[in-house]
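Each chain, written out:
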Amino acid sequence: MNFSQKPNLHITRRKLLQLSGFSSISLLLGGCGTPLLEDLVGTLSEPLNQNFQSLILKPQTPVPEFSFNEIEPEALIVNTYRSTPVINQEKFRLIIDGEVENPISLSMEDIKNLPLTSMIIRHVCVEGWAAIVQWGGIRLQELVALAQPKSNVKYAYFKSADGYYSSWDIASTLHPQTLLAYQKNGEPLPIDNGAPLRLASPIKLGYKQSKWVTRVTLTSHLSRFQGYWEDQGYEWFAGL
Ligand SMILES: Nc1nc2c(c(=O)[nH]1)N[C@H]1C(S)=C(S)[C@@H](COP(=O)(O)O)O[C@H]1N2
Ligand SMILES: [Mo]
């Protein structure tokens, strides 16, 4: 497939959101993975199906960020569906696997030796609150690059230590402001906010921002399990 002929991702995603009404699609999706529905979703998400190289070579438009004095340190409400898991940060390993040439397992030391990216963005929870937060961490695209995904990869699955899980489209996964964060508001990430590593990105709703991420699995297929909230009818794409 010639990816260079694909239309501009940014425009296409907007158009898609306008034209197709993702919420009704996710309703259709709710818990049922019949081939027919998978085909439908496959067709509709096709313009998002850009491969790793095309996304890296043609960086996506960054979302404007906030300034330091706009940070709202009290506004981020801890929102955990079960309870905070116990993680031994010394023994902790982040695994990146799936349809990749080079599956990897990294310690927090390995990750902190990679370039740090900082951003000040708004976190938006569907429960009706939002908070401007500074996050520091590693760009997910850097970690995915180390694992060398195969060209047919379209999704990333995120598994968390508390049993939470979610899945993202590959374009959002590789967005330059999608981080695995280990700092919050200039300090080490608190355990309740997802330490040692949590997703942080200005392009998706709060329930897509998995805390305590232990495994990122790159794949060409979405399974019946798309996310803890997603499988209960919440929108899968959940873009901001
Ligand atoms: N592992 C895990 N990640 C999670 C959740 C969770 O319960 N478990 N809750 C999600 C929801 S709904 C929101 S709004 C944010 C809240 O992040 P915070 O607790 O750091 O404010 O985490 C998201 N990530
Ligand atoms: Mo949320």
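Structure first, text after, so check above.
Bear in mind the structure is a predicted one, so any value in this text is a computation, not a measurement.

Draft legend 1. Here's a closer look at the packing of aromatic side chains. All told, the structure shown has 9 aromatic pairs when counted by the stated rule. On the basis of an interplanar angle of 70 degrees and a centroid distance of 5.8 Å, the ring pair of Y155 and W236 is categorised as edge-to-face. Taken together, the residues span a long stretch of sequence, with Y155 in strand β5 (residues 155-160) and W236 in the segment after β10 (213-219) at a distance of 81 residues. Classification of Y155 as buried rests on a relative accessible area of 7%. The class of W236 is buried, set by a relative accessible area of 5%. Look at W229 and Y234: their rings are 5.4 Å apart centre to centre, the planes differ by 65 degrees, and that puts the pair in the edge-to-face class. On the accessibility criterion, Y234 (34% relative accessible area) is partly exposed. Feature note: the residues Y81, Y164, Y207, Y228, W229 and Y234 constitute an aromatic cluster, connected by ring pairs. The cationic tip of K204 hangs over the ring face of W168; the distance from NZ or CZ to the ring centre is 5.5 Å. In this arrangement the basic side chain of K204 is found over the ring face of F237, its NZ or CZ atom lying 3.6 Å from the centre.

Calculation notes
Residues numbered from 1 in each chain as written. Chains lettered and ligands numbered in written order. Predicted model: local features only at pLDDT ≥ 70, side-chain atom pairs only at ≥ 80, totals over all residues. Heavy atoms only, no water. Phe/Tyr/Trp six-rings, centres within 6.5 Å; stacked < 30°, edge-to-face > 60°. Helix = DSSP H or I, 4+ residues; strand = E, 2+ residues; numbered from the N terminus. Buried < 20%, exposed > 50% of the residue type's maximum accessible area, 1.4 Å probe, protein only. Lys NZ or Arg CZ within 6 Å of the ring centre and 35° of its normal.

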